[in-house]
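Here is how the chains run, residue by residue.
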Amino acid sequence: LMSVRQCIVHDLENTASGAICGISATIGTGVPKAITNNIVYGLLHDGYATFDSGIKLIGAGGSYISPNTIYDIAGSASTAYGIQMQDAASRRYQNNVCCNAGDADYSVASPASATCDHNLSSDATASGTGSLTNKTAANQFVSTVGGSEDLHLKAGADAIEAGKFSKGELNGQLYKAEIPEDDV
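Residues numbered from 1 in each chain as written. Predicted model: local features only at pLDDT ≥ 70, side-chain atom pairs only at ≥ 80, totals over all residues. Heavy atoms only, no water.

Another point: the packing of aromatic side chains. Enumeration according to the criterion identifies two aromatic pairs in this entry. Judged by centre distance (5.7 Å) and plane angle (70 degrees), the rings of Tyr-71 and Phe-141 are edge-to-face. With a gap of 70 residues between them, Tyr-71 in strand S8 (residues 69–75) and Phe-141 in strand S15 (residues 141–143) connect regions that are remote in the sequence. Comparing Tyr-71 with Phe-141, the two get one shared label, buried. (Phe/Tyr/Trp six-rings, centres within 6.5 Å; stacked < 30°, edge-to-face > 60°. Helix = DSSP H or I, 4+ residues; strand = E, 2+ residues; numbered from the N terminus. Buried < 20%, exposed > 50% of the residue type's maximum accessible area, 1.4 Å probe, protein only.)

This part is about the nonpolar core. Across soluble globular proteins, nonpolar side chains have a tendency to be buried as a group. In this structure, Val-40, Ile-55 and Ile-65 are the most contacted members of the largest nonpolar core, which totals 22 residues. When contributions to this core are tallied by element, the ones reaching two or more residues are strand S3 (21–27), strand S5 (39–45), strand S6 (51–59), S8, strand S9 (79–86), strand S11 (97–101), strand S12 (104–108) and strand S13 (114–117). It is S9 that contributes the most residues to this core, three residues altogether. Setting aside chain neighbours within four positions, we find Ile-65 in contact with Ile-35, Ile-55, Leu-57, Ile-83, Met-85, Arg-92, Tyr-93, Gln-94 and Asn-96. The next biggest cluster of nonpolar side chains, apart from the first, holds nine residues, and it includes Val-97, Cys-99, Ala-137 and Phe-141. (Core = buried A, V, L, I, M, F, W, Y, C linked by side-chain atoms within 4.5 Å. Contact = heavy atoms within 4.5 Å.)

Looking now at the confidence of the model for the protein. Here the protein averages 78 in pLDDT, and 70% of its residues register 70 or above. Within the model, pLDDT remains below 50 along residues 169–184, and this stretch shows 34 contacts once partners closer than five positions in the same chain are excluded. (pLDDT = per-residue confidence, 0-100.)

Further remarks concern the sheet that holds S13. The five strands are arranged S1-S4-S7-S10-S13 in an open sheet whose pairing can be described as parallel. Each edge of the open sheet is held by one strand with a lone partner, namely strand S1 (2–5) and S13. Across this sheet, the average inter-strand angle for adjacent strands is 5 degrees, counted without regard to direction. (Pairing = 2+ DSSP bridges. Axes fitted to C-alpha atoms, helices over the stretch in contact; angles between N-to-C directions.)

Before going further, it helps to spend a moment on the pairing of strand S4 (residues 33–36). Burial along S4 is two-sided: Lys-33 and Ile-35 facing one way and Ala-34 and Thr-36 facing the other are all buried. Here S1 pairs with S4 via four bridges, running parallel. Of the residues in S4, the one forming a bridge with Val-4 is Ile-35. Direction of pairing for S4 relative to strand S7 (residues 63–65): parallel, over a ladder of three bridges. Note on S7: the bridge partner recorded for Ala-34 is Tyr-64.

Moving on to the pairing of strand S16 (residues 150–153). In regular strands, side chains alternate between the two faces of the sheet. Two strands pair when backbone bridges link them, and S15 and S16 are joined in this way by two bridges, in the antiparallel orientation. The residue bridging Phe-141 from the neighbouring strand is Leu-153, located in S16. Hairpin connection between S15 and S16: a loop of six residues separates the two successive antiparallel strands, and Gly-147 in this loop has a positive phi of roughly 90 degrees.

Below is the structure:
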């Protein structure tokens, strides 16, 4: 199991060619990935047209993306996504809060083969049971002021108590939402 967890990625800017991604993984067959408890915000691509993402996952194999916070992914000449998944079979994404991605908060190829639920988006792209759409970022986070972002959920945020705890198997390996005991 390969995992990327508890990372904060912010204020990346690209003015040249090539995609910009906060977290990007290409998956080999049979190698499950877990991308959990990350915060990605403030990505800007001001160069050539390309696909930019807060979290980007490509390839075959089972993967788990939960819970992550993605905010303010923009591109003036590019297509910008909060979470982008291609070849989405055997994937689960849930409990993610994704707001203010330039073109779509979520872009999932073959969404019928991915398990998605209990996500939040500021547009209409969070799909699945328990997902919340068209929610304003300013109503979710303590501060969205540039340079003073505080992406903790504020009192009254729609995302509070809207998630789902999952424990199960991903390609034969146990996965669970990783929540530090002092945060419970």
